[in-house]
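Here's the letter readout for the chains.
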Amino acid sequence: GEFTLLDYGCGKGDDLEILKKNDVPALGWDPVHAPDGELTHSDIVNLGFVLNVIENPAERKETLKDAYQFANKLIVIAVMLGGENRAQQFEQYGDGVITSRKTFQKYYTQQELREYLENTLGEDAIAAAPGIFFVFKDKVAEQEYLEKKQRRRFAGRTFKPLQKARKT
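1. Things to note about the overall build of the protein
Of regular secondary structure, the protein possesses 5 helices and 9 strands. The order of α-helices and β-strands along the protein, N terminus first, is β-α-β-β-α-β-α-β-β-β-α-β-β-α. The C-alpha radius of gyration of the protein comes to 20 Å, more than 25% above the 15 Å expected for a compact globule of 168 residues. Taken along the three principal axes of its C-alpha coordinates, the protein extends 75 × 45 × 30 Å. Per-residue burial for the protein yields a buried fraction of 39% across its 168 residues.

2. Observations regarding the environment of serine 100
Along the chain, serine 100 falls in the loop between strand 6 (96-98) and strand 7 (104-105). Note on serine 100: relative accessible area 65%, which makes it exposed. Residues serine 100 and phenylalanine 90, spaced 10 residues apart in sequence, show a C-alpha to C-alpha distance of 7.2 Å.

3. Comments concerning the environment of valine 50
The topology assignment puts valine 50 in the loop between strand 3 (42-48) and helix 2 (57-69). According to the relative accessible area criterion, valine 50 is buried, its value standing at 10%. Spatially, the C-alpha atoms of valine 50 and lysine 73 are 20 Å apart, while their sequence positions differ by 23 residues.

4. A word on the sheet that holds strand 6
What holds strands together in a sheet is hydrogen bonding between their backbones, with the strands either parallel or antiparallel. In space, the 3 strands of this open sheet follow the order 5-6-7, with antiparallel pairing throughout. Because the sheet does not close on itself, it has two edges, and the strands there are strand 5 (91-93) and strand 7. Pairing geometry for strand 6 and strand 7, over 2 bridges, is antiparallel. Paired with isoleucine 98 across the two strands is phenylalanine 104, which belongs to strand 7.

5. A closer look at helix 4 (residues 110-121)
In a regular helix each residue adds 1.5 Å, so 12 residues correspond to 16 Å; helix 4 covers 17 Å between its end C-alpha atoms and thus fits that length. Those residues of helix 4 lying buried are Leu113, Tyr116, Leu117, Thr120 and Leu121. Projected onto a plane normal to the axis of helix 4, the buried residues spread over an arc of 100° and lie on a single side. Structurally, helix 4 contributes buried residues whose contacts are with helix 2, strand 4 (71-78) and strand 9 (132-136). Following helix 4 by one or two positions, glycine 122 adopts a phi angle in the positive range, close to 70°.

6. A closer look at the layout of surface pockets
Roughly 580 Å³ of internal volume is contained in the largest pocket. Along the walls of the largest pocket sit 23 residues, with Gly9, Asp30, Gly48, Phe49 and Val50 positioned nearest its centre. Among the elements of the structure, strand 1 (5-8), helix 1 (14-21), strand 3, helix 2 and strand 4 are those that each provide at least two residues to the lining of the largest pocket. Among the residues forming the lining of the largest pocket, the class breakdown is 12 nonpolar, 6 polar and 5 charged.

7. Re the nonpolar core
Formed by 24 residues in total, the largest nonpolar core has its most connected members in Leu47, Leu51, Leu64, Ile75, Ile77 and Leu117. Of the residues forming this core, the biggest block, 4 residues, is contributed by helix 4. Dropping the residues within four chain positions of it, leucine 51 is found in contact with Arg60, Leu64, Ile77, Val79, Tyr108, Tyr116 and Leu117. Counting residues in each nonpolar core, the second largest holds 14 residues, with Cys10, Val24, Ala26 and Ala141 among its members.

Basis of the calculations
Residues numbered from 1 in each chain as written. Predicted model: local features only at pLDDT ≥ 70, side-chain atom pairs only at ≥ 80, totals over all residues. Heavy atoms only, no water. Helix = DSSP H or I, 4+ residues; strand = E, 2+ residues; numbered from the N terminus. Rg over C-alpha atoms; globule rule 2.2 N^0.38 Å. Buried < 20%, exposed > 50% of the residue type's maximum accessible area, 1.4 Å probe, protein only. Pairing = 2+ DSSP bridges. Expected span 1.5 Å × (residues − 1). Arc of directions from axis to C-beta. Contact = heavy atoms within 4.5 Å. 1 Å grid on protein atoms, 1.4 Å probe; cavity = no way out; pocket = protein on both sides within 12 Å on 5 of 7 lines; lining within 4 Å. Points joined across faces, edges and corners; volume = space filled by probe spheres on them. Nonpolar A, V, L, I, M, F, W, Y, C, P; charged D, E, K, R; others polar. Core = buried A, V, L, I, M, F, W, Y, C linked by side-chain atoms within 4.5 Å.

Structure below.
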């Protein structure tokens, strides 16, 4: 709750309701469901499950760039993951598929998403979980995050001293 959040592409606002109930100062905007929502710079911009439903690759790239411009500290990007096997289950359409619900879906692999984000934004993309990346604008915040992540990784581990190899 100490950071402001903009849900860019908030849909009908389900996530916003949850955030607000948890005292997170959050605003939302969506071109279809909330076009009058306030687009304002925020500490964190959430771009959750938006890129994967945009059919036009140029529009997809512009959406990512537009959302990133509103981030003061970082943007969080989440997409649906799936490889060729998943995509082969559906009708091919452009660089994605038409799902059984008759909606467009672009499935990414983790590496494909990382490369797409880095090439589009010109910044390092840090994997937070499968299909979820952080791209920091605030480099101090990025280093703090990476340091905490590294500390958590090694917390509670004990290390045995290296033993010298015996000469035979």
